[in-house]
Amino acid sequence: MNCQSLVKCQLAVAIFNSDGRCASATGLQLPGILDELFSYTGPLGAVCDTEAVSLYLWAPTAQAVRALIYKSPSETDPVEIVQLKELKGVWSAKGPRHWEGCYYVYEVSVYHHSTLRIEKCVSNDPYARGLSADGKRTLLVNLVSDDVKPEGWDNLQDEKPDLLSFSDISLYELHVRDFSANDPTVPHEFQGGYLAFTLQDSAGVKHLKRLSSAGITHVHLLPTFQFAGVEDEKHKWKHVDIEKLNSFPPDSEEQQALITAIQNEDGYNWGYNPVIWGVPKGSYASNANGPCRIIEFRKMVQALNRIGLRVVLDVVYNHINASGHFDDFSVLDKIVPGYYLRRNADGGIEHSTCVNNTASEHFMVERLILDDLKCWAVHFKIDGFRFDLMGHIMKRTMVKAKSLLNSLSKDKNGVDGPSIYIYGEGWDFGEVANNGRGINASQFNLFGSGIGSFNDRIRDALLGGSPFGHPLHQGFVTGLYLEPNGHDLGDKANVERMLAVSKDHIQVGMAANLKDFVLTNCDGEEVKGSEVFLHDRKPVGYASSPIETVNYVSAHDNETLFDIISLKTPKDISVEERCRMNHLATSVIALSQGIPFFHSGDEMLRSKSIDRDSYNSGDWFNRLDFSYNSNNWGVGLPPKEKNEWNWPLIKPRLADPSYKPQKSHILAAVENFSNLMQIRYSSPLFRLRTANSIQERVRFHNTGPSWIPGLIVMSIEDGHPGVPGLSQLDPIYSYIVVIINPDPTDVSFANPALRARSLQLHPIQMNSTDDVVKNSTYDASSGCFNVPARTTSVFVEPR
């Protein structure tokens, strides 16, 4: 029996004593030998041409494969059963053209390590491009057919908003269902789905248009592939009586009890539990069967592009929802058991990401990821990809992904590949930590790749502690040292030191978190970004260019910005002061070098009633209100499972009516955010494209053993025509000074280096409705600035 046949059997290696007794035995893990013998680059999935439909399935360990063809998603008996033939691990069959529009599943006879016997596994095609409701069957669909294209689809590339540089990107993270599920200006049948984005006059679309006009370039959509946790057919969903929920007090346990009782049977889930990567989620479509989900997804992308917003997909290639031979949602592990999932030395599946970690270090896993990205880019004209737990994917895979996308062209593929941006979570943990399975796509390893990673350093310094630390640990914008909340962080000198160190971390972040950016630290030493350290002595700066840093202060994970501020600040301050802290945090992200990222609703003081993980908390805790009447604060204690240990801190805050913002506060927050984005896009100096230009032009003042605790003073310099030195980038402003004052009182700051300039408050701030910022002043003779409490003031020198 040759090696190619052996892989289809149960295999073990044993050691026998001289007397013939077995001393030790173990099963074999096959990915290495499968890659060696069966790596394959030919067609996979269903391939439609003018004459026939061909099926290709990579399954080298299978003993037999049949395709069961059905005319409809619900028909019990197949109209045809086709035996596939194998050649070098790839099973294939050719069928008539009329198969297109039918459904199929594979029946794979294969040895499965989970049961130690040959199983008949029934599975979808891993390369499915269409599905029936709840992914019961694969739809045979041709994505290039005119039947599944909205009008004008082929010319969409010509309508996409311009993008001159990745440095011009700003990201707005949004969940498809959150966007419209509670918007009364959206017809009921469109609420929570793709088609809500196609309306022109809904409150939500008007809000997106406003953000687009202010400068937001990309909407990042939480997972929209086929995921588990939400039934595709809406009539199966359970609901809670909204009037009943509204009747309970703001700090009641009742709301969460009613929500969690049906949380796995309602229409809500973030979607980080992949079943099939390459098909749009059916629950967001009008009809989960047939090609409807494909057409409506495309209409959503088209509509967003037409209001000036490019579209980013949140992709989850680091794990899959199910494994084994039996689970309905198991696909990859039925086709080639033990290959697609990362296993430990004992043969158990690694679960550090959540469950069922995938192994991109294996050739055909990497190929599936790359093929999937190409499909979304070419056939759905996606403009960017955000990789969930990117650190669990190999760097090699990410670099290949970038190269593949970059190679796509308008002439050949109908899309502009070089304009597709990729970024993700570069966390380094679990079995891949410290390159445990190969060089992984973690923050430090991505240096020089041009791939973005989230900068958690600036987030933690701004808010305080980390999402895994004590919830009352304060940070730069939440009152550290300047307004203590009573949580013990040591003596006064220690807390002042913590504020100074936090300021260093923020300043490195504002310089795009560059590894080699040189600044003066809080001890008065000239250091690089990589020589400013976290508490565990890991460097703060790690990026080689601004496009490798995605600066953020909040995201779908953890509490919203407003909620974390409400939790960490002293109880006796006013809601107005908390709102200004919200503005302050947002301003740091908006005015930093690198790519700014915002969680949807932060610009509206969004609350989830202090829920730290709302992935399955229903529409009730995740509501967005584009009428600006409510920010969703105080809708009950957040779900018990993830928050109960925090309830004693949360309850008195939710019960206190003074914490709840009014409509006037929300409107002011929306305007403030809009103004900040307009300021960012008023000058290319806020969006420098190279590390060298940031080093040459960006300076921080008020450094060293700080003159004024907490105060950040950043200047950005431009050149002048005919003057040696810096080139001119900005035709309007020659010099910009940004001053961020987290102090509860006004601050004056003078610096000889900033004297004798023609600086004035940015016209957008001068014309805003924020009367506080208008009190910011600059005196040229002394170089003295006066900045109001909890305010970011931007001064510009017109040419």
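In what follows, the structure referred to is the one given above.
Residues numbered from 1 in each chain as written. Predicted model: local features only at pLDDT ≥ 70, side-chain atom pairs only at ≥ 80, totals over all residues. Heavy atoms only, no water.

K.L.:
In this structure, what is going on with the pattern of salt bridges? I would like to understand it.
P.N.:
When charged atoms on two side chains of opposite charge get close, those side chains can pair. Counting across every chain of the model gives 46 salt bridges. For K236, the salt bridge identified is with D134, shortest N-O distance 3.7 Å. Highlighted residues: K236 in the loop between β14 (225-227) and α6 (242-246) and D134 in the loop between β10 (117-123) and β11 (138-139), separated in sequence by 102 residues. Taking relative accessible area as the criterion, D134 reaches 9% and is therefore assigned buried. Linking R459 and D460 is a salt bridge whose minimum nitrogen-to-oxygen distance equals 2.8 Å. Comparing R459 with D460 shows no difference in burial state: the two are buried. Within the structure, one salt-bridge network assembled from shared partners comprises D134, E231, E233 and K236. (Salt bridge = Lys/Arg side-chain N within 4 Å of Asp/Glu carboxyl O. Helix = DSSP H or I, 4+ residues; strand = E, 2+ residues; numbered from the N terminus. Buried < 20%, exposed > 50% of the residue type's maximum accessible area, 1.4 Å probe, protein only.)

K.L.:
Sorry, what's going on with the sheet that holds strand β8 (residues 90-96) here?
P.N.:
Picture the strands of a sheet paired through backbone hydrogen bonds; they go either parallel or antiparallel. Pairing in this open sheet of 4 strands is antiparallel, and the strands run β3-β4-β8-β7 from one edge to the other. Here the strands that pair on one side only, and so sit at the sheet edges, are β3 (45-48) and β7 (85-87). Taking the axes of each pair of neighbouring strands and ignoring which way they run, one obtains an average angle of 25° across the sheet. Relative to β8, β7 runs antiparallel, the two being bridged by 3 bridges. (Pairing = 2+ DSSP bridges. Axes fitted to C-alpha atoms, helices over the stretch in contact; angles between N-to-C directions.)

K.L.:
What exactly am I supposed to notice about helix α19 (residues 647-655) here?
P.N.:
Two residues of an α-helix separated by three or four positions point the same way, owing to the 3.6 residues in each turn. Along α19, the residues classified as buried are W647, I650, R653 and L654. The buried residues of α19 occupy an angular sector of 135° when projected down its axis, which confines them to one face. The inward-facing, buried residues of α19 contact α7 (254-261), α15 (561-568) and α18 (640-643). (Arc of directions from axis to C-beta. Contact = heavy atoms within 4.5 Å.)

K.L.:
Can you help me understand the environment of G529 in this one?
P.N.:
Examined against the element boundaries, G529 turns out to sit in the loop between β21 (526-528) and β22 (549-551). Residues G529 and V518, 11 residues apart in the sequence, show an inter-C-alpha distance of 6.5 Å. In this view, G529 contacts V508, L514, K515, F517, V540 and G541; residues no more than four positions away in its chain are not counted.

K.L.:
For this particular structure, what's the right way to read the side chain of T138?
P.N.:
Along the chain, T138 falls in strand β11. Separated by 3.1 Å, the side chain of T138 and the backbone nitrogen of D125 make a polar contact. With residues near it in sequence (within four places) discarded, T138 still touches C102, Y103, Y104, N124, D125, A128, G130 and L131. (Polar contact = N/O pair within 3.5 Å; in protein donor to acceptor, adjacent residues only side chain to side chain.)

K.L.:
Looking at this structure, how should I read the environment of K71?
P.N.:
Within the fold, K71 resides in the loop between β5 (62-70) and β6 (80-83). With a relative accessible area of 59%, K71 lands in the exposed category. Between the alpha carbons of K71 and L139 there is a distance of 9.9 Å; along the sequence they are 68 residues apart. Those residues within four positions of K71 in sequence are excluded, and the remaining contacts are V79, G101, C102 and Y103.

K.L.:
Hey, could you run me through the nonpolar core in this one?
P.N.:
Across soluble globular proteins, nonpolar side chains show a tendency to be buried alongside one another. With 190 residues, the main nonpolar core has W58, L208, F385 and F387 as its most contacted residues. Broken down by element, this core gets its largest block of residues, 10 residues, from helix α10 (residues 363-379). Ranked by size, the runner-up nonpolar core spans 16 residues in total, among them I169, W427, I547 and F597. (Core = buried A, V, L, I, M, F, W, Y, C linked by side-chain atoms within 4.5 Å.)

K.L.:
Hey, could you run me through the sheet that holds strand β26 (residues 733-741) in this one?
P.N.:
Taken in spatial order, the 5 strands line up as β24-β25-β26-β31-β28 in an open sheet, and their pairing is antiparallel. In this open sheet, the two strands that pair with only one neighbour each are β24 (698-701) and β28 (760-761). Relative to strand β31 (residues 791-798), β28 runs antiparallel, the two being bridged by 2 bridges. Paired with L761 across the strands is F795, a residue of β31. Contacts from helix α16 (residues 575-590) reach β26 and β31 within the one sheet, and its direction differs from that of β31 by about 45°.

K.L.:
Even after reading the chapter, I still don't get unusual backbone geometry, so can you show me in this structure?
P.N.:
If a residue is not glycine, its phi is most likely negative; likewise, a peptide bond is most likely trans. A positive phi is found at D134, a non-glycine position, where the angle reads about 60°. Positive phi values are uncommon outside glycine, yet R790 reaches one of about 45°.

K.L.:
Sorry if this is basic, but what is going on with the state of the cysteines here?
P.N.:
The term disulfide refers to a covalent linkage connecting the sulfur atoms of a pair of cysteines. Tallied over the full model, the rule gives 0 disulfides. Between C292, a cysteine without a disulfide, and C375, which holds the nearest cysteine sulfur, the sulfur-to-sulfur distance is 18 Å. (Disulfide = S-S within 2.5 Å.)

K.L.:
Help me understand the packing of aromatic side chains, please; the structure alone is not making it clear to me.
P.N.:
All told, the structure shown has 30 aromatic pairs when counted by the stated rule. Ring geometry for Y552 against F597: centres 6.1 Å apart, planes inclined by 85°, an arrangement best described as edge-to-face. Taken together, the positions of Y552 in the loop between β22 and α15 and F597 in strand β23 (residues 595-599) put the pair 45 residues apart, joining distant regions of the chain. Each member of the pair Y552 and F597 is classed as buried. Ring-pair connections join several aromatic residues into one group, and the members of that group are F166, Y421, Y423, F454, Y552 and F597. The residue whose ring lies beneath R578 is Y659, and the NZ or CZ to ring-centre distance is 3.8 Å. (Phe/Tyr/Trp six-rings, centres within 6.5 Å; stacked < 30°, edge-to-face > 60°. Lys NZ or Arg CZ within 6 Å of the ring centre and 35° of its normal.)

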